[in-house]
Amino acid sequence: MNRYPAWPKRRSRWPGPLFALLAATVVVVLAYGACSREQQPRIAIPEGIPIPEGIPPGPGAATPPIDINAPGRSADQLHEWSAGLADSIGVGNTALEAYGYASAVMAETKPECGIGWTTLAGIAGVESRHGTHAGSTVGPTGQVTPEIRGIPLDGGPGVAEIPDTDGGAMDGDPVHDRAMGPLQFIPETWKRWGVDANGDGVADADNIDDASLTAARYLCDRGGDLTTPDGWQSALMAYNLSGEYLTLVRDRASAYSVGVRP
C-alpha cells in the first residue's frame, strides 16, 4: 500500500505582509540553516578530481532498485549502497540512506522531477551538516538528537519576521517561528508538506528520513523538472531565496556527485 499522501495544493506559504517585504527586498529564506553561512566556505577542488560547476549538479552514484513501500524503515534497503559511498563523501550512512530513499521515492512517484540524492545531500550539508550540527547525532531510525533549531525569526538584521504559527508546539518558541530539524523547515511549511518516510506513522521534522522526503516533494513541486538548469534553480530559490545559498548547495552536491568530500 502506498504510504504517501496526496500533494498539497499550491498556495503562497508567506503571509501577506511578509510577501510584500520579499518583493521589496528580494531577501528571505524558507529554511534557515542552523549552520552559519560564514562557516560554509567554497569548496576547494581536490587535486586530480574535477568538480562540475554548472547546474544542476550531477545525480551521483545510482541507487539500486528498492521497494519504496516496504514495511518499517524502507531506507534500510540502501545500507550496502550507502556503506560503499558514505566515507568517501563524508556523510553518515543513515543520512545518506535517507537522501537515496527520498530520490528513489520521487523517481517512482514523480519521475518527471528527476531530483538526485546529491541535491538533498547538498542542502542538508549546508543546513545542518547532515544532522550533526552542534553535536547532534542521527540514530538508526533517522531520528536526530538533540533537536536542531534555528534562530528566532524575529525580523532582526538579515532575518525575516515570522510570528509564531504553531504555539511553540513544534519549534519550542511561542513567540516567533524557528526552523526545525536537519533540513530546517519552518513550522507552517512542515504542517503542509511533512510526510512520514521511516514507517513509524509520524511525520517528524527531526527525523532525517521524513525531512529528506519532505524536502524532495517540496523541491519537485516548486521546480518541476530538476534535471534542467531553470528547474533546479527555481527549486533551490524557493527553498532559500539566495544566490549564495544556491552556490553553496551546488558546490557540495557537485562534490558528492563525483564521490568526494566537500
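Residues numbered from 1 in each chain as written. Predicted model: local features only at pLDDT ≥ 70, side-chain atom pairs only at ≥ 80, totals over all residues. Heavy atoms only, no water.

Engineer: I'm lost on helix α7 (residues 208-223) in this one. Help?
Structural biologist: Owing to its 3.6 residues per turn, the α-helix aligns residues three or four sequence positions apart on the same side. Along its 16 residues, α7 runs 22 Å from first to last C-alpha, staying within 8% of the 22 Å computed at 1.5 Å per residue. The buried count for α7 comes to 16 of 16 residues, which makes it a mostly enclosed element. N-cap assignment for α7: the residue whose side-chain oxygen lies 2.9 Å from the backbone N of D209 is N207. Among the residues trailing α7, G224 stands out with phi positive, at a value near 75°. (Helix = DSSP H or I, 4+ residues; strand = E, 2+ residues; numbered from the N terminus. Expected span 1.5 Å × (residues − 1). Buried < 20%, exposed > 50% of the residue type's maximum accessible area, 1.4 Å probe, protein only. Polar contact = N/O pair within 3.5 Å; in protein donor to acceptor, adjacent residues only side chain to side chain.)

Engineer: How should the pattern of salt bridges be read in this particular structure?
Structural biologist: Oppositely charged side chains are able to pair whenever their charged atoms sit close together. Summed over all chains, the structure comprises 10 salt bridges. A salt bridge links R222 to D221; the shortest N-O distance between them is 2.5 Å. With relative accessibility at 16%, the residue R222 sits in the buried group. Judged by relative accessible area, which is 13%, D221 ranks as buried. (Salt bridge = Lys/Arg side-chain N within 4 Å of Asp/Glu carboxyl O.)

Engineer: Whenever I open this one, the nonpolar core confuses me. Can you help?
Structural biologist: Proteins that are soluble and globular tend to have nonpolar side chains buried together. Counting residues in hydrophobic clusters, the biggest one holds 56 residues, and the most contacted among them are L96, Y99, I115, W117, L219 and Y239. Within the residue set of this core, elements represented by two or more residues are α3 (86-89), α4 (93-109), α5 (117-128), α6 (187-193), α7, α8 (229-239) and α9 (243-257). For this core, the element with the most residues is α4, which contributes 9 residues. Discounting residues that sit within four places of it in the chain, I115 has contacts with S103, M106, L120, A216, L219, C220 and L226. (Core = buried A, V, L, I, M, F, W, Y, C linked by side-chain atoms within 4.5 Å. Contact = heavy atoms within 4.5 Å.)

Engineer: What is the right way to look at α5 in this model?
Structural biologist: The end-to-end C-alpha distance of α5, which contains 12 residues, comes to 16 Å, matching closely the 16 Å that a straight helix rising 1.5 Å per residue would cover. Of all 12 residues in α5, 12 are buried; the element is thus mostly enclosed. For α5, the full list of buried residues reads W117, T118, T119, L120, A121, G122, I123, A124, G125, V126, E127 and S128. Buried-residue contacts for α5 involve α2 (79-83), α3, α4, α7, α8 and α9. Looking one or two places after α5, you find R129, whose phi comes out positive at around 55°.

In short, geometric facts, not functional conclusions.
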